[in-house]
Every structure is written in C-alpha cells, then in structure tokens.
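# Survey of secondary and tertiary structure
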Amino acid sequence: MASFNIDYPGSSNEFVVNATKAIQNKGGIFQGNANAGSFSLQTLIGAVKGNYKVISDPSSPQTKVEITITKKPMIVPMSKIQEVISSYF
C-alpha cells in the first residue's frame, strides 16, 4: 500500500461529485461520502483499487484528500498511479 495527498479546489461534497463522475467515466466504481470511501478502476494491465479520506476541515474552501492505493498492477510505478489519479481531480 502507498498513500499520497491531493488538494482539491473545492468543498468535500464537490470532491465526491467530481470524483464520482471522473471514476465512473473511466468505467470504474466510486463509493463514499464527504468523509471517506473507496474506488476501483480496471486498466489494460490490471486493476487499481484504493480508498480516500478527507483530512481537511469540512468548512475549508479547499479539500485535502488522502488517497491510499490498496491494489495496482505490479509493473506500474506508484508515481504513475499518483499522476493519473491526481489528474481526475
């Protein structure tokens, strides 16, 4: 497992709406709420699964989210997973 943080330029509720759209548009599954949840995506070389947790104050205008990757294709470096996941938001 590996974790990284992203800074989303909006509320945690907006993050959930946009993350749901982004992941589902890629054929994945996104489940959760404004506090925490999980996601999964199938890629050409294997599945990527992970969890997220909102770690910023709910009243903050920007949302800090901790992403933890729980499964990824072995040959894909974590830096590439982080780059792709971050681009969704």
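Report on the accompanying structure.

Cut-offs used in this document
Residues numbered from 1 in each chain as written. Predicted model: local features only at pLDDT ≥ 70, side-chain atom pairs only at ≥ 80, totals over all residues. Heavy atoms only, no water. Helix = DSSP H or I, 4+ residues; strand = E, 2+ residues; numbered from the N terminus. Rg over C-alpha atoms; globule rule 2.2 N^0.38 Å. Buried < 20%, exposed > 50% of the residue type's maximum accessible area, 1.4 Å probe, protein only. Areas by Shrake-Rupley, 256 points an atom, 1.4 Å probe, with all protein chains shown as cover. Lys, Arg positive; Asp, Glu negative; His and termini not counted. Charge placed at Lys NZ, Arg CZ, Asp CG, Glu CD. Core = buried A, V, L, I, M, F, W, Y, C linked by side-chain atoms within 4.5 Å. Contact = heavy atoms within 4.5 Å. Pairing = 2+ DSSP bridges. Axes fitted to C-alpha atoms, helices over the stretch in contact; angles between N-to-C directions. Salt bridge = Lys/Arg side-chain N within 4 Å of Asp/Glu carboxyl O.

### What about the overall build of the protein?
Assigned secondary structure in the protein consists of 2 helices and 5 strands. Beginning at the N terminus, the succession of helices and strands in the protein can be written as β-α-β-β-β-β-α. For 89 residues, the compact-globule estimate of 2.2 N^0.38 gives 12 Å, and the C-alpha radius of gyration of the protein, at 12 Å, lies within 12% of that figure. Considering only C-alpha atoms, the protein reaches an extent of 40 × 20 × 20 Å along its principal axes. A burial count over the protein gives 37% of its 89 residues as buried. Carbon and sulfur atoms make up 52% of the accessible area of the protein, which totals about 5,300 Å². If you average the places of the 8 positive and of the 5 negative side-chain charges in the protein, the two averages end up 13 Å apart.

### What about the nonpolar core?
Note on soluble globular proteins: their nonpolar side chains tend to be buried together. With 21 residues, the main nonpolar core has Phe-15, Phe-30, Tyr-52, Val-65, Ile-67, Ile-69 and Ile-85 as its most contacted residues. For this core, the elements supplying multiple residues, two or more each, are β1 (2–8), α1 (12–25), β3 (36–43), β4 (46–54), β5 (63–71) and α2 (78–87). The element best represented in this core is α1, accounting for 5 residues. In contact with Phe-15, other than residues within four places in its own chain, are Ile-6, Tyr-8, Phe-30, Tyr-52, Val-65 and Phe-89.

### Focus on the sheet that holds β1
Pairing in this open sheet of 5 strands is antiparallel, and the strands run β1-β5-β4-β3-β2 from one edge to the other. Edge positions in the sheet fall to β1 and β2 (29–32), since each has one partner strand and no second. Across the sheet, the mean angle from the axis of one strand to that of its neighbour is 20°, orientation sign disregarded. Of the pairings in the sheet, the one linking β4 to β5 comprises 6 bridges and is antiparallel in character.

### Focus on the pattern of salt bridges
Enumeration over the complete set of coordinates arrives at 2 salt bridges. We note a salt bridge from Asp-7 to Lys-64, for which the minimum N-O separation is 2.9 Å. Placement of Asp-7 in strand β1 and of Lys-64 in strand β5 is noted, with a sequence separation of 57 residues between them. By relative accessible area, which is 45% here, Asp-7 ends up partly exposed.

Shape descriptors only; they carry no functional weight alone.
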